[in-house]
Amino acid sequence: MSTEITPDNLTKETDNKITIIDFWAPWCGPCKILDPILADLEKDYGDKIHFGKMNVDGNQEIAERYHVLSVPSLVVFKNGKASEKVSGIYPKEKLRKYFDQKIAEVE
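It should be emphasised that the depicted structure is a prediction, and the values quoted were computed from it without experimental measurement. (Residues numbered from 1 in each chain as written. Predicted model: local features only at pLDDT ≥ 70, side-chain atom pairs only at ≥ 80, totals over all residues. Heavy atoms only, no water.)

Brief notes about the side chain of Asn 9
In this structure, Asn 9 sits in the loop between β1 (3-4) and α1 (10-13). By relative accessible area, which is 18% here, Asn 9 ends up buried. Excluding residues within four positions of it along the chain, Asn 9 makes contact with Thr 3 and Glu 4. (Helix = DSSP H or I, 4+ residues; strand = E, 2+ residues; numbered from the N terminus. Buried < 20%, exposed > 50% of the residue type's maximum accessible area, 1.4 Å probe, protein only. Contact = heavy atoms within 4.5 Å.)

This is how it looks when you write it as structure tokens:
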């Protein structure tokens, strides 16, 4: 299960080879569609990718820091530094290919 990211644990939780944080909101319909896709992928990549979720409600400052202008957005952290962001919903297989690419970049 992905870790709930807060301002207090953000630095600690992104201190991995690769971390993907799902910026979401409870009122966001597309976020609800993406959530089970990410949960399935987390089962496959849990040993290679650290997954986190950050509710943008109440964390707008952090969302802005990473240029999250819409939800859902996935921010990829490599070795603790945000390296890129993708927004919107993607099919499971497209995300799998993307995650494989990100893992290859850090290995």
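A few points about the packing of aromatic side chains
What the rule picks out here adds up to 5 aromatic pairs. Between Tyr 45 and Phe 99 the ring centres are 5.7 Å apart and the planes differ by 90°, which places this aromatic pair in the edge-to-face class. Placement of Tyr 45 in helix α2 (residues 29-45) and of Phe 99 in helix α4 (residues 92-106) is noted, with a sequence separation of 54 residues between them. Across the pair, exposure class does not vary: Tyr 45 and Phe 99 are buried alike. Ring geometry for Tyr 98 against Phe 99: centres 6.2 Å apart, planes inclined by 50°, an arrangement best described as tilted. By relative accessible area, Phe 99 is classed as buried at 0%. In this structure an aromatic cluster arises from ring pairing among Tyr 45, Phe 51, Tyr 98 and Phe 99. (Phe/Tyr/Trp six-rings, centres within 6.5 Å; stacked < 30°, edge-to-face > 60°.)

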